[in-house]
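# Working through the structure, step by step
Each chain, letter by letter, is given below.
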Amino acid sequence: MNEQEIFDRIKKEADSSPVPDSLHPEKMEETLSGVRQKRRAARFPLRQSQASTHRRIPRTALATAACLALVLITGLALRQSVVAPEILLPETTDAQRSVQTGEAPDGHGGEKTYDTVCRLINRYQNEVHYETSMAENDTSLVPHAPHEEIGGTDDSFAATSKAGSRDYSDTDTQVEDVMEGDIVKTDGSHIYTIWKNTVGYTLSIYQVDGGATKFLSATRIYNQNCNEMYLDGNRVVLLGTPWDESGADENDASADVIGVDDSPLTSICVYDVSRPEKPKKTASLSQSGRFNTSRLCDGVLYTFSNYQVFASDCSPEKPEKFVPQINGRNIPPEDICLTDKKSDNSYMVMTSLVLDEPEDFKDSLAAFGNFDTCYVNTRHIYTVKSGYDSDNSDLSAIARYTCEGGVFRYDAKAQIRGQIKNSYCLHEYRENLCLVYTRSDGRRRTNGLAVMDGNMKLIGEISDLGIDEEIYASYFIDNIAYFVTYRQTDPVFAVDFSNPEKPELKSELKLPGFSDYLHSFGDGMLVGIGKGGKKADGNENSRIKLSLFSIGKNYELTETATTLLGKWSECSAGEDHRTVFVDETRRLVGFCTVSADGAVKYFVFRYQNGRWEKALSHTLKDSKAWAEDVRGLRIGEYFYVVDVSGVTIHAYDIRTWKSVEA
């Protein structure tokens, strides 16, 4: 029997035989593409001379197998797809299970990953119809979005000040034990700020002791944005995106660079501040892509950037044109994760840096696709990619990675019908992922909560909450999700998912106005900051509204205290949670506002005697002040209002709330 007769016989049998579900094209793609390849010791693909030592397979067998695969795939591709349920979740493949159990899949054919990525990027560049693929989402939800949490079996989503362990406040965070970067930091005796100037940014260090504030140093960082800063012992870490390579840092000009084809880079610079009057740069690293967000956990810094390919002539022979780089080196194929094979031209690049060993990254991974939202806790990373299907209905793709000890490992993925606003809409509880979403098909909008297990399988859901409204704020405390939807009223929902298979609506409180920021306030209380009020001319929600919600025994919500600020005032709490100061122990909430006439003020409210009392109203006199550039922090018995753009620090005694400036 010749090869043509073999082919005809295979084709005939394939056309007449039912196809197993496991050989459906989507299943085969998921099995072959969704797994990070096994890392080789040298972290690079085998050379041709090395690869040739493997046992050869007879060409006849290869040809026969290729024919069979071609026929099966061709026949299957013509079958009609099954109508998807409201929540779309692909079954976990054997390859994914092997990753979860720590058994890495075989890494043969790493070079083919470059080929595959190149093909997908070129397809994207040549596409005419984009409505059938996941649409790009240019809205940056992550840089401001909080993070994650995790602990023992109960991963509390509580974000609290650290007054219990240290006598000074820290950046407001989403997840316990997971620190977030900010533009102002303190170690209890010094205040560190980063602020923009005409040539770049400046790292300033002050020694503070009540009203006695002493300027120590200013370090210029030329031609670069500094989006976030971390303080770790005697180290300051600055993260941002360089402008170009024409500038020169005072200590190291090599840090200011731009990537291939003018694609932006994210830089990570480590400074030794053991002598705060003279900081010294000790390390400078880079990764492809514009800075997105970062987290610091157990001494490991995780940095996320979004890398977009602009080249239109990608070729596997020139991977530097379309492959992200780490410290100027192409990410090897085994470190590229293809969670699906939809055409795209972007990656989310992840790196981990052990701050005790800042000379080089601990690990790196490039997730292909336009993932732009991250939720991070001490064990896992969840990334989200938003888009639409062919019917213009909302879709979100979610991928899960393990990140213990700074080593990345792809676990599983899922796809849901709905949009996830930001990372505050995600929460891990007892190894399950809980998320709140808004779903719209262009005619009707609704909201819900879904629970997925460790394999990203849907195990529980409650839907049709807040019809024709959308989520404005979300906050998790242990097994309870609190979220606010808004259109004309302000429903605040409380959903209990302690039984993950049957989430239960515990409370629905409808109020005028809305909250776009929620935060725990201790002892069964929840703080909300948003808009409310009504003017004589009928304009609603023109004033900042501060609310306190009491949580009853069965999680019923009651609004027990409110206060309204000036007319047509604005607050950035909803866009950037780090601008808010919360001290649950002292019952304090602070935030910056901008009024209609441009006046910038910082307020601190204290909850006592069942109502909100204004403790501090500080007017920032510098006309350059922006609300998002102002922070409030506490050190001992003193409260400091730090205006980064105006380069000023004002101190108050929190026992009297009077200025103590010299």
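All values derive from a computational prediction rather than experimental measurement. (Residues numbered from 1 in each chain as written. Predicted model: local features only at pLDDT ≥ 70, side-chain atom pairs only at ≥ 80, totals over all residues. Heavy atoms only, no water.)

## What about the overall build of the chain?
As a reminder, the rule being used: Secondary structure elements are defined from DSSP: runs of H or I of at least 4 residues count as helices, runs of E of at least 2 residues count as strands, and each element is numbered from the N terminus. The buried label applies to any residue whose accessible area, calculated with a 1.4 Å probe on protein chains only, is under 20% of its type's maximum; exposed applies above 50%, and partly exposed to all values in between. Two residues qualify as a contact provided that any one of their heavy atoms is within 4.5 Å of a heavy atom in the partner residue.
Secondary structure assignment for the chain yields 6 helices and 40 strands. By the burial criterion, 55% of the 662 residues in the chain qualify as buried. Long-range contacts, defined here as pairs at least 24 residues apart, represent 57% of the contacts in the chain between residues at least 6 apart.

## Description of the packing of aromatic side chains
Spelled out, the test is: For this analysis, a ring pair means two rings from Phe, Tyr or Trp (six-membered ring only for Trp) whose centres lie within 6.5 Å, classed as stacked if their planes differ by under 30 degrees, edge-to-face if by over 60, and tilted for the remaining angles. As a reminder, the over-ring test applies to NZ of lysine and CZ of arginine, requiring each to be within 6 Å of the ring centre and within 35 degrees of the ring normal.
Taken as a whole, this structure holds 21 aromatic pairs when the rule is applied. When the centroid spacing of 4.8 Å and the interplanar angle of 70 degrees are considered together, the rings of Tyr472 and Phe514 count as edge-to-face. With Tyr472 in strand 24 (residues 470–477) and Phe514 in strand 28 (residues 514–520), this pair connects stretches of sequence that are 42 residues apart. Given the relative accessible area of 10%, Phe514 is considered buried. An aromatic cluster of at least three residues, connected via ring pairs, comprises Phe581, Tyr602, Phe639 and Trp657. The aromatic ring of Phe521 is capped on one face by Arg587, whose charged end is 5.7 Å from the ring centroid.

## Quick notes on the pairing of strand 24
Worth spelling out the cut-off: Whether two strands pair depends on DSSP finding at least two bridges between them.
Here 7 bridges tie strand 24 to strand 25 (residues 480–486), and the two strands are oriented antiparallel to one another. Bridge assignment links Phe476 to a residue of strand 25, and that residue is Ala481. If you look at the hairpin formed by strand 24 and strand 25, you'll find 2 residues sitting between the two strands, and Asp478 has a positive phi there, around 55 degrees.

## Details of unusual backbone geometry
Despite not being glycine, Asp177 has its phi angle at roughly 70 degrees, a positive value. Structurally, the position occupied by Asp177 is in the loop between helix 6 (110–126) and strand 1 (184–186). By relative accessible area, which is 47% here, Asp177 ends up partly exposed. Of note in the backbone geometry, Arg430 takes a positive phi value of approximately 55 degrees without being a glycine.

## Concerning the pattern of salt bridges
Side chains that differ in charge, positive against negative, can pair when their charged atoms come close. The condition that has to hold: Basic side-chain nitrogens of Lys or Arg form a salt bridge, by our definition, when they fall within 4 Å of a carboxyl oxygen of Asp or Glu.
Under the counting rule described, the total for this entry stands at 29 salt bridges. Among the salt bridges present, the one from Glu570 reaches Lys531, with a minimum N-O distance of 3.4 Å. Of this pair, Glu570 sits in strand 32 (residues 570–571) while Lys531 sits in strand 29 (residues 525–534); the two residues are 39 residues apart in sequence, bridging distant segments of the chain. Residues participating in the shared-partner salt-bridge network are Arg379, Arg400, Arg409, Asp411, Glu428 and Glu431.

## Examining the sheet that holds strand 23 (residues 458–465)
Inclusion rule: Helix axes are fitted only over the stretch in contact, all axes being lines through C-alpha atoms; the angle between N-to-C directions runs from 0 to 180 degrees.
With antiparallel pairing, the 4 strands of this open sheet are ordered in space as 20-21-22-23. Whereas interior strands pair on both sides, the edge strands pair on one side only; in this sheet they are strand 20 (426–429) and strand 23. Direction aside, neighbouring strands of the sheet carry axes that sit 20 degrees apart on average. Inspection of the sheet shows strand 22 (residues 445–452) paired to strand 23 by 5 bridges, in the antiparallel sense. Bridge pairing in strand 23 places Val451 opposite Gly460.

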